[in-house]
Amino acid sequence: MFLNLQNITKRFGDLVAVDSVDLNIVEGELICFLGPSGCGKTTLLRMIAGLETLDSGDILQNGENLAKMPERDRNFGMVFQSYSLFPNMTIGKNVAYGLECRKWERHQIDSRVDEMLALVNLEDQVGKIPSQLSGGQQQRVALARALAPKPLAMLLDEPLSALDAKVRSALRLEIRKLQQGLGITTIMVTHDQEEALTMADRVVVMNEGAIVQVGSPFEIYDDPSTSFVADFIGTMNFLAVTTLDDGAVRLGGAAIKCGKWSIGTGLDKAARLAVRPEDIRIYIGSTPLQNVIEVEIDWIEFLGSIYRLNLTFEFDGKKQGLKSELSSTLMRELRLSVGDYISILLPEEHLWVYSQ
Ligand SMILES: Nc1ncnc2c1ncn2[C@@H]1O[C@H](COP(=O)(O)OP(=O)(O)O)[C@@H](O)[C@H]1O
Ligand SMILES: [Mg+2]
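Please read these numbers as outputs of a predicted model, since none were measured by experiment.

Caption draft 1: Up close: the layout of surface pockets. What the largest pocket holds in volume is close to 500 Å³. Looking at the lining of the largest pocket, the elements that each hand over two or more residues are β6 (76–79), α2 (91–101) and α4 (135–147). Split into classes, the residues belonging to the lining of the largest pocket amount to 10 nonpolar, 4 polar and 4 charged. Quantified by volume, the second largest pocket comes out at close to 200 Å³. Lining the second largest pocket are Ala-240, Val-241, Thr-242, Arg-250, Leu-251, Gly-252, Phe-313, Phe-315, Asp-316, Lys-318 and Gln-320. Listed by contribution, the elements that provide at least two residues to the lining of the second largest pocket are β11 (237–243), β12 (248–251), β18 (306–315) and β19 (318–327). When residues of the lining of the second largest pocket are assigned to their parent elements, the largest contribution, 3 residues, is made by β11. A class-by-class count of the residues in the lining of the second largest pocket yields 5 nonpolar, 3 polar and 3 charged.

Below, the structure is given as structure tokens:
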């Protein structure tokens, strides 16, 4: 284990920004703190870095408590959203700066700067100043600068948020490869779920200062522990239901069997049924089947490789809607149009039940 965070809390006045967080960070992993803006990600990262004091809790590394250790003694490399390079220094000098502060020998500094700039493919930019580089290049310089002093870990706070979409996805891959190549433990803060899902070994989902779920990207997508995670990660339909016995709920007039329950079963409780758009199947057969309901196609959106259907159904005068996604190929075969009534199958193994 690399770091052991125990019961960390941080308040700003009455606001609890980070609330009793416990977390183990594994040596060599890339772990993402993911959550909506204001949920405490940056504050938690800054406490690990030593840029923010803790109100309570411990940060243990190899049995040593970092909680009161000054930032300069922790040896972490930080990268922020704003590249924060020194504007009047050359790229080479920016990367060398931390090594000079640490009193490295000149020849060691020169060779380390060359090595780091080669690592981020910027060896030919060494003499330029930051404003002559693109945003993506500047952020690569920031990475080289953070890595130059051989830190124990990298701490990245929304490192890609200021970049445009194409550069962001290229750099996301580059950072991940670099991190894996070096085997360096990395903590990355992001509010962008796609970034977290594509880059992380493990994702820490946060809400209102607390950790809600920790798991691999697949785990948090495939088995969200609360409706907050279900809603925050990917797209999820939520439908109002009441519980029946025997692992089923009542949706409109139909009994629907559900595979995943986050609440105790009990008769007649109001609950929320959750299903992902890609898990909904079109049912073409004519024999009635468990978990099949009839819906109307209210709207069809073309998204290139897929179509999104907005479906509605009405029961007891109450209308509910859900979205499903179909491949363009299937959509062409089925020839569906707005106003059609179709049957859909809600697969038991992909249905969650959460409390109201
Ligand atoms: N220095 C500060 N003083 C007062 N409140 C702060 C300070 N830093 C952060 N906060 C508040 O703490 C909460 C968490 O902030 P932050 O950690 O920056 O969230 P995130 O990075 O998840 O967007 C927010 O409500 C924010 O306004
Ligand atoms: Mg932040």
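Caption draft 2: How the structure looks around the nonpolar core. Counting residues in hydrophobic clusters, the biggest one holds 42 residues, and the most contacted among them are Val-95, Leu-117, Val-141, Leu-156, Ile-175, Val-203 and Ile-233. Ranked by residue count, the leading element in this core is α4, at 6 residues. Non-local contacts of Val-203, meaning those with residues more than four positions away in its chain, are made with Cys-32, Leu-34, Ala-196, Gln-213, Val-214, Gly-215, Pro-217 and Ile-220. One finds Ile-31, Phe-33, Leu-45 and Ala-49 within the second-largest nonpolar core, a separate group that totals 29 residues.

Caption draft 3: Quick look at the pattern of salt bridges. All told, the structure shown has 12 salt bridges when counted by the stated rule. Where Lys-10 meets Glu-52, a salt bridge forms, and the shortest distance between an N and an O atom there is 3.8 Å. With Lys-10 in strand β1 (residues 3–12) and Glu-52 in the loop between α1 (41–49) and β4 (56–61), this residue pair connects regions lying 42 residues apart in the sequence. On the basis of relative accessible area, Lys-10 is assigned to the buried category, the value being 6%. Residues Glu-301 and Arg-308 are paired through a salt bridge, measuring 3.8 Å at the closest nitrogen-oxygen approach. Each of Lys-10, Arg-46 and Glu-52 takes part in salt bridges that share partners, so that together they form one network.

Caption draft 4: Inspection of the site of ligand 1 at higher detail. By nearness alone, every residue bordering ligand 1 is listed as Phe-12, Leu-15, Ala-17, Pro-36, Ser-37, Gly-38, Cys-39, Gly-40, Lys-41, Thr-42 and Thr-43. Contact between ligand 1 and Gly-38: an oxygen atom at 2.6 Å from a main-chain N or O atom of the residue. Lys-41 places a side-chain nitrogen or oxygen 2.8 Å from an oxygen atom of ligand 1. Expressed as a share of its isolated accessible area of 560 Å², the protein-covered part of ligand 1 is 57%. The set of elements that each furnish at least two residues to the shell around ligand 1 consists of β2 (15–25) and α1. Per-element tally for the shell around ligand 1: the top contributor is α1, with 3 residues.

Criteria and thresholds
Residues numbered from 1 in each chain as written. Chains lettered and ligands numbered in written order. Predicted model: local features only at pLDDT ≥ 70, side-chain atom pairs only at ≥ 80, totals over all residues. Heavy atoms only, no water. 1 Å grid on protein atoms, 1.4 Å probe; cavity = no way out; pocket = protein on both sides within 12 Å on 5 of 7 lines; lining within 4 Å. Points joined across faces, edges and corners; volume = space filled by probe spheres on them. Helix = DSSP H or I, 4+ residues; strand = E, 2+ residues; numbered from the N terminus. Nonpolar A, V, L, I, M, F, W, Y, C, P; charged D, E, K, R; others polar. Core = buried A, V, L, I, M, F, W, Y, C linked by side-chain atoms within 4.5 Å. Buried < 20%, exposed > 50% of the residue type's maximum accessible area, 1.4 Å probe, protein only. Contact = heavy atoms within 4.5 Å. Salt bridge = Lys/Arg side-chain N within 4 Å of Asp/Glu carboxyl O. Near = heavy atom within 4 Å. Polar contact = N/O pair within 3.5 Å; in protein donor to acceptor, adjacent residues only side chain to side chain. Areas by Shrake-Rupley, 256 points an atom, 1.4 Å probe, with all protein chains shown as cover.

Geometry only, nothing functional implied.
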